[in-house]
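Architecture and fold: a report
So the chains spell out like this:
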Amino acid sequence: MQASDTVGELLTLQEIDLEILRIEDELERLDEEVAGLRDTVQALETRVDGIRGEARKAEARVDRFRRSVEAGRATLKRLESKATAVVNEQQYLALRSETETARRNLRAAEDDQLDAMLEVESAREALGKVEAELEEAATTLAARAAAADDLRARLERELLVRGADRKDQEDRLDRRTLELYKTAGGGGRRSALAELTVDGVCGRCFTSVPKQRQAEIRTRRDLAVCEGCGIILYPVSSGA
């Protein structure tokens with residue numbers, strides 16, 4: 001096979017490889033998108049569980065402080081009922097001190113109960129918002145995952161077809177040429193061929209090519225690689 005024919009076959013192979021790479025990249029992006037949506041749903045589920053836990057703790061504090069308030073009110077009522085039994089100033093002062101302490105304790109318990117009730121209300125409000133976000137995220141995930149499954153199936157079918165095309169194209173080239181193509185293309189993650197520009201430089205790295213080598217490339221006598229980046233060079237007309 002002449003060099004010009006080989007370049008044409010390699011360009012066809014490169015076109016197939018780039019299409020395979022595009023499909024693989026699209027599949028990867030698709031998986032990353034769905035994985036990102038799943039992570040969002042999981043994060044929201046964790047937040048919901050956390051807020052529910054905080055709400056339960058706040059509700060338990062409300063109940064505890066409610067009992068403290070009830071006990072404080074009972075204590076105050078008991079002390080107030082003892083006022084009629086006071087017979088001297090010493091008893092009066094002691095009862096007043098005990099009553100003031102009971103009132104302070106009751107006010108503190110009422111304040112704690114109110115704070116806990118506000119925490120419950122805040123937690124429930126936050127829970128409602130996060131649950132709404134979770135529902136929306138879960139709906140988005142379900143819809144996108146279903147669409148992604150359809151798209152993934154189509155892309156995988158395309159990948160099989162292009163893989164078969166690649167095998168057929170490889171069969172048209174000798175082993176040495178294929179090894180050169182693989183080396184020049186960095187294992188298939190980049191283009192393996194580039195044009196030799198009219199100015200005599202590599203079309204990828206723009207390294208200047210010696211004039212004698214330019215003449216050899218343009219007369220298509222043999223495959224040539226760029227001394228700068230190792231890519232296979234071909235004259236402009238060969239890519240037409």
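Presented here is a report on the structure given in the accompanying data block. Predicted model only: the values in this text are computed from it and were never measured. (Residues numbered from 1 in each chain as written. Predicted model: local features only at pLDDT ≥ 70, side-chain atom pairs only at ≥ 80, totals over all residues. Heavy atoms only, no water.)

Some words on the overall build of the chain
Rules: The way it works is that DSSP assigns letters per residue, a run of H or I at least four long becomes a helix, a run of E at least two long becomes a strand, and they are numbered from the N terminus. Atoms considered for the radius of gyration are the C-alpha atoms alone. The globule rule reads 2.2 Å times the number of residues to the power 0.38. Working definition: with a 1.4 Å probe on protein chains only, accessible area under 20% of the residue-type maximum means buried, over 50% means exposed, and in between means partly exposed. Note on contacts: a residue pair is in contact if any heavy atoms of the two residues lie within 4.5 Å. Here the open area of atoms and residues is found with the Shrake-Rupley method and a 1.4 Å probe, where only the protein chains shown may cover a residue. In this tally Asp and Glu are treated as negative and Lys and Arg as positive; neither His nor the chain ends contributes. Here the site of a charge means NZ on Lys, CZ on Arg, CG on Asp, or CD on Glu.
Across its full length, the chain carries four helices and three strands. Traced from its N-terminal end to its C-terminal end, the chain shows the element sequence α-α-α-β-α-β-β. A compact globule built from 240 residues would reach a C-alpha radius of gyration of about 18 Å, whereas the chain, at 40 Å, exceeds it by more than 25%. Summarising its shape, the C-alpha atoms of the chain cover approximately 130 × 40 × 25 Å along the three principal directions. The proportion of buried residues among the 240 residues of the chain is 31%. In the chain, 69% of the contacts between residues at least 6 apart in sequence involve partners at least 24 apart. Split by element, the accessible area of the chain, about 15200 Å² in all, is 50% carbon and sulfur. Distance from the positive charge centre (40 side chains) to the negative charge centre (49 side chains) of the chain: 4 Å.

Looking at the pattern of salt bridges
Here is the rule: The salt bridge definition used is simple: a Lys or Arg side-chain nitrogen within 4 Å of an Asp or Glu carboxyl oxygen.
Under the criterion given, the structure shown has 24 salt bridges. A salt bridge links Asp31 to Arg152; the nearest nitrogen and oxygen atoms lie 2.8 Å apart. Separated by 121 residues along the polypeptide, Asp31 in helix α1 (residues 3-81) and Arg152 in helix α2 (residues 89-170) bring together distant segments of the chain. According to the relative accessible area criterion, Asp31 is partly exposed, its value standing at 40%. Of the charged contacts, one joins Glu54 and Lys57 as a salt bridge, the two residues approaching to 3.9 Å between their closest N and O atoms. Of this pair, Glu54 and Lys57 both sit in helix α1, three residues apart, roughly one helical turn.

Looking at the side chain of Gln169
Note that Gln169 resides in helix α2. Taking relative accessible area as the criterion, Gln169 reaches 8% and is therefore assigned buried. Excluding residues that lie within four positions of it along the chain, Gln169 makes contacts with Glu9, Thr12, Leu13 and Ile16.

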